[in-house]
Amino acid sequence: MNKKIIVAEDFNVSRKIIVSVLTKLGHTVMEASNGLEAVSLFDGRPVDLLITDFNMPEMNGAELIKTVRAHDEYAYIPILLLTTEVNEQKIKMALDENITAWIKKPFQTDEFLKIVNKALR
């Protein structure tokens, strides 16, 4: 099940862990250290899943999601939002952008993979 996944996460260690876990499962993973970098990866190529952090410099996760959803070819891809936030208002703002699920950091790898696999079905 080789899927094409974009991971947008500004914290290098977290991003590398996520990329490593997904790559070991056979997925093709593209990395971005902020929302603006991630937007550049949505250039018409097929993308099966976006995993994005909420708090990032340059462009936050909600802004990234809104930008991605504005493109017809990406309007319905699954999007997982990573967050350390417990702030319901911020999460509601992200949910309003039509995310598939949100994952609170730090997370357990097995729980993370369950959510990823469900999103990719």
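Structure report, in brief. Keep in mind the model is a prediction, meaning the values are calculated, not measured. Think of each chain on its own: its residues are numbered from 1, step by step along the sequence as written. Reporting of local features is limited, given that this is a predicted model, to residues whose pLDDT is at least 70; pairs of side-chain atoms are given and counted only at 80 or more, and all residues count toward the totals for whole chains, interfaces and linings. Side-chain metrics rest on all non-hydrogen atoms present in the structure, leaving aside hydrogens and water.

**So, the overall build of the chain**
So, step 1. Strands here are runs of E lasting at least two residues and helices are runs of H or I lasting at least four, both read from the DSSP assignment and numbered beginning at the N terminus. The helix and strand tally for the chain stands at 5 helices and 5 strands.
So, step 2. Start at the N end of the chain and walk to the C end: the helices and strands fall as β-α-β-α-β-α-β-α-β-α.
So, step 3. Working definition: with a 1.4 Å probe on protein chains only, accessible area under 20% of the residue-type maximum means buried, over 50% means exposed, and in between means partly exposed. Per-residue burial over the chain gives 45% buried out of 121 residues.
So, step 4. By sequence separation, contacts in the chain at least 24 residues apart represent 60% of the contacts at least 6 residues apart.
So, step 5. The accessible surface values rely on the Shrake-Rupley method and a 1.4 Å probe; as for residues, cover is taken only from the protein chains in view. For the chain, the accessible surface area stands at approximately 6,500 Å², while carbon and sulfur atoms represent 52% of it. Residue contacts are defined here by distance: any two heavy atoms, one from each residue, within 4.5 Å place the two residues in contact.

**Regarding the nonpolar core**
Among soluble globular proteins, nonpolar side chains are generally buried collectively.
So, step 1. Here the nonpolar core consists of buried residues drawn from Ala, Val, Leu, Ile, Met, Phe, Trp, Tyr and Cys, with membership extended through side-chain atoms lying within 4.5 Å. Judged by nonpolar contacts, the single largest core of 21 residues is most densely connected at Ile6, Phe42, Leu50, Leu64, Val68 and Ile77.
So, step 2. If you list the elements that add at least two residues to this core, you get β1 (4-8), β2 (28-32), α2 (35-41), α3 (61-69) and β4 (79-83).
So, step 3. For this core, the element with the highest residue contribution is α3, accounting for 4 residues.
So, step 4. Every residue in contact with isoleucine 6, bar those within four places of it in the chain, is listed here: Met30, Ala38, Leu41, Phe42, Val47, Leu49, Leu50 and Ile51.
So, step 5. Formed by 17 residues, the second largest nonpolar core is a distinct cluster that contains Ile5, Val19, Val21 and Ile51.

**Things to note about unusual backbone geometry**
So, step 1. Across the junction of lysine 105 and proline 106, the peptide omega takes the value -5°, indicating a cis bond.
So, step 2. Along the polypeptide, proline 106 turns up in the loop between β5 (101-104) and α5 (109-120).
So, step 3. Of note, the phi angle at glutamate 58 is positive, near 75°, even though the residue is not glycine.
So, step 4. Considering the arrangement of structural elements, one finds glutamate 58 in the loop between β3 (49-53) and α3.
So, step 5. For glutamate 58, a relative accessible area of 61% corresponds to the exposed category.

**What to know about the packing of helix α1 (residues 12-24) against α5**
So, step 1. In this analysis, axes come from line fits to C-alpha atoms, helices being fitted only over the stretch in contact, and the angle between any two N-to-C directions falls in the range 0 to 180 degrees. α5 packs onto α1 with a crossing angle of 65° between their chain directions and a minimal axis gap of 12 Å. Here α1 and α5 pass one another in a crossing that is right-handed. Here Ile18, Val21 and Leu22 of α1 come into contact with α5, specifically with Thr109, Phe112, Leu113 and Val116.
So, step 2. The residue classification treats Ala, Val, Leu, Ile, Met, Phe, Trp, Tyr, Cys and Pro as nonpolar and Asp, Glu, Lys and Arg as charged. All others, Gly included, are polar. The class makeup of the residues in the contact of α1 with α5 is 6 nonpolar, 1 polar and no charged. Note: crossing handedness is left-handed where the near helix turns anticlockwise from the far helix by less than a right angle, and right-handed where it turns clockwise.

**Examining α3**
So, step 1. Those residues of α3 that sit buried are Gly61, Ala62, Leu64, Ile65, Val68 and Arg69. Buried residues of α3, seen end-on, are gathered within an arc of 160° and therefore sit on one face of the element. For this quantity, the arc is that covered by the directions from the helix axis to the C-beta atoms.

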